[in-house]
Amino acid sequence: MAGVSLALRLGISFMKFSLLLLLLAYQSHSFYLPGVAPQDFVTGAELKVKVNKLTSTKTQLPYSYYSLPYCPPDRIVDSAENLGEVLRGDRIENSPYVFQMREPQQCRILCRITLDAKTAKQFKEKIDDDYRVNMILDNLPLVVPITRFDQENAVVYQHGFQVGLKGQYAGSKDQKHFIHNHLTFTVKFHKDSQSNLARIVGFEVKPFSVKHDYDGQWKNENTRLTTCDPHARRAVTSSESPQVIEDKKDVIFTYDVAFEESEVKWASRWDTYLLMADDQIHWFSIVNSLMIVLFLSGMVAMIMLRTLFRDISTYNQLETQEEAQEETGWKLVHGDAFRPPTNSDLLCVYAGTGVQFFGMILVTMIFAALGFLSPSNRGGLMTAMLLLWVFMGLFSGYASARLYKMFKGTEWKKITLKTAFMFPATIFAIFFVLNALIWGEKSSGAVPFGTMFALVFLWFGISVPLVFAGSYIGFKKPAIEDPVKTNKIPRQIPEQAWYMKPVFSILIGGILPFGAVFIELFFILTSIWLHQFYYIFGFLFIVFVILIVTCAEITIVLCYFQLCGEDYLWWWRSYLTSGSSAIYLFLYAAFYFFTKLDITKPVSGILYFGYMLIASYAFFVLTGTIGFYACFWFTRLMYSSVKID
């Protein structure tokens, strides 16, 4: 009866998983909840453009807009930024660009600057490194529309415009640097049918490089240019005579503003930014992952419903008939299966940290899939993850203390301190070194001292006390009882076949969890390192559920084979089996670096591999904990289902 009960419970569990996956697949598209309230503008209302950081996919080092000698306003004012924005390197400031709603402007002069050797070198370096200028209007980022003729004239949007370009004059072989000093803005608006109010739904630009000329003396913004003139209706439409960057050259910055009515409503204005052009690839990723899950589910079902059921029935029948026959297989090691492992304290720490990670990611993904962490709320995702990590310290302390008490541990304060400090201290040390490198490059991506202090406060002021509170609660509860009595003297483990060696089984176990997520991983890396929006959390949530199931199932399968081979050292191996998928994640990150990125600077390479090392370490803790608790549940269920004297 115990075997039948076990089989029924497992069958119901797998049915629940299957129904959950089907439900999520049906509702996989996230919907968008705007991060800010809409703002209505009357005709002639002032629209203030803000500037953000300069970004490059070649260096991954952001710089503030005014690190280059662009035209400044009378007074530069920094916008208030949240924690996530600061960590992302955002530096949002005001600009001299001022528009009037639905009032076009042509050839407005911002300023004239005279380049010297230093400023010319700065512009040339930024052009060589493919830096782009980012601006914001009414919380919408500036984009450059590009028509793709290979996709039936589909329009794609690139975020920000390039600082300049390189080229040669006709008949010359010398490479020159040209600056984009004329910007043609297009502000798209949606007009209210019942009033004269309008809302901004698009912010586009076409950059040009123009060597401006003028007659007479320079009169600042009142100067009459000959290259573009609103009175003569002469507009800039090409860069036939571009502005070269050289020492002692004058550069005149100008801009046009056009307003275009759009049918796009304010609630849908982010759709063009978040448009998912690779929908079929994501569905292929889901199907690929589901195939892995179905394969593993079949193996687990075969083990549980046939092999394990037969084992339990046989063992119980032998006990009933009191046959004096030697035990074999996994029952033989019942007296050693729950013996505390080597370095049990460390296992408790990692299990607790993994619970903290799991809680943070699960809650973050649910809120993101529901649309509450929209890209319109810059830095919101990172801020939410940091705060959730801090508050999940309560569950981290509880999980580590419960496991520690089961191992007959008594010094709960020591295990609590390790849980509170081991993983965060490692991450903080790597992050501090990487931040020092960014600081050395004078990049705006460097986290300032005040923000660093805020991170330390979140760690020591909130996370550590919560870990202690969770540990105290967990340690005061009655210990988890072992389903069997542990032998006083451990058995000798027989020689294992090559395919049951720990290293082999661990590496094999990590392939399948990685295989379930590697396609989605490509899009995540692209959004992070190629500065693109990622907003397909519906798909990501499905992949996350598949990852959980895959980690659990592959660990259970290999744990069962290990116990059948009379090897009872399953504690650490269950953690490392699914946790080894982090090795493949880091190897894939290296492959992505050499095949998809164009990073040439050593500092940028160090930053990439440093941050991917942090991500891989976190992935190891997450997947390892999932596999460990699945195996822990499985072994307790298995040994509690047979009669053992």
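Remember, it's a predicted structure, so these values are computed and weren't measured experimentally. Throughout, residues of each chain are indexed from 1 in the direction in which the sequence is written. Local features in this predicted model are restricted to residues whose pLDDT is 70 or higher, and side-chain atom pairs enter the listing and the counts only when it is 80 or higher, whereas totals over whole chains, interfaces and linings include all residues. The basis for every side-chain value is the complete set of non-hydrogen atoms in the structure, without hydrogens or water.

Student: Can you walk me through the overall build of the protein in this structure?
Tutor: For the protein, the helix and strand inventory stands at 14 helices and 13 strands. Whether two residues are in contact is decided by their heavy atoms: any pair within 4.5 Å suffices. In the protein, of all internal contacts separated by at least 6 residues, the share reaching a separation of at least 24 is 81%. Total accessible area on the protein is roughly 31,100 Å²; 60% of this is exposed by carbon and sulfur atoms. The way it works is that DSSP assigns letters per residue, a run of H or I at least four long becomes a helix, a run of E at least two long becomes a strand, and they are numbered from the N terminus. In short, Shrake-Rupley with a 1.4 Å probe defines the accessible areas, and a residue's cover is counted only from the protein chains shown.

Student: In this structure, what is going on with the packing of aromatic side chains? I would like to understand it.
Tutor: Think of a pair of aromatic rings as described by two things: how far the centres are apart, and how the planes are tilted against each other in angle. In summary, the pairing rule links any two rings of Phe, Tyr or Trp, Trp by its six-membered ring, whose centres are within 6.5 Å, and it sorts them by plane angle into stacked for under 30 degrees, edge-to-face for over 60 and tilted for everything else. In the structure shown here, the tally under the stated rule is 57 aromatic pairs. A ring pair is formed by Phe-185 and Tyr-255, whose centres lie 6.2 Å apart and whose planes are at 70°; its orientation type is edge-to-face. With Phe-185 in strand β11 (residues 182–191) and Tyr-255 in strand β13 (residues 250–261), this residue pair connects regions lying 70 residues apart in the sequence. Each member of the pair Phe-185 and Tyr-255 is classed as buried. Any Lys NZ or Arg CZ that is within 6 Å of a ring centre and within 35 degrees of that ring's normal is treated as a charge sitting over the ring. The aromatic ring of Tyr-63 is capped on one face by Lys-126, whose charged end is 4.5 Å from the ring centroid. The buried label applies to any residue whose accessible area, calculated with a 1.4 Å probe on protein chains only, is under 20% of its type's maximum; exposed applies above 50%, and partly exposed to all values in between.

Student: Looking at this structure, how should I read the state of the cysteines?
Tutor: Any pair of cysteine sulfurs within 2.5 Å is marked as a disulfide. As enumerated under the stated definition, the model contains two disulfides in all. Sulfur-sulfur distance for the disulfide between Cys-71 and Cys-111 comes to 1.8 Å. Looking along the S-S bond of the Cys-71-Cys-111 disulfide, the torsion reads about -80°, which is the left-handed sense. In this pair, Cys-71 is assigned in the loop between β1 (46–55) and α2 (83–88) and Cys-111 in strand β3 (residues 105–114), connecting sequence segments 40 residues apart. Sulfur-sulfur distance for the disulfide between Cys-107 and Cys-228 comes to 1.7 Å. Between Cys-107 and Cys-228, the S-S torsion sits near 45°, and that sign places the bridge as right-handed.

Student: Just to check I follow, could you spell out a nonpolar patch on the surface for this structure?
Tutor: Each patch is built from salt-bridge-free residues with over 30% relative accessible area, joining like charges within 9 Å and nonpolar side chains (Val, Leu, Ile, Met, Phe, Trp, Tyr) within 5 Å. Note on definitions: salt bridges are taken to be side-chain nitrogens of Lys or Arg within 4 Å of carboxyl oxygens of Asp or Glu. On the surface, Ile-366, Phe-367, Leu-370 and Phe-372 cluster together to form a nonpolar patch covering roughly 360 Å² of accessible area. Within the fold, Phe-367 resides in helix α5 (residues 344–369). By relative accessible area, which is 41% here, Phe-367 ends up partly exposed.

Student: Just to check I follow, could you spell out unusual backbone geometry for this structure?
Tutor: Outside of glycine, negative phi angles account for most residues, and trans bonds account for most peptide bonds. The phi angle at Gln-60 is positive, at roughly 60°, despite the residue not being glycine. Looking at where Gln-60 falls in the secondary structure, it is placed in the loop between β1 and α2. Assessed through its relative accessible area of 13%, Gln-60 is described here as buried.

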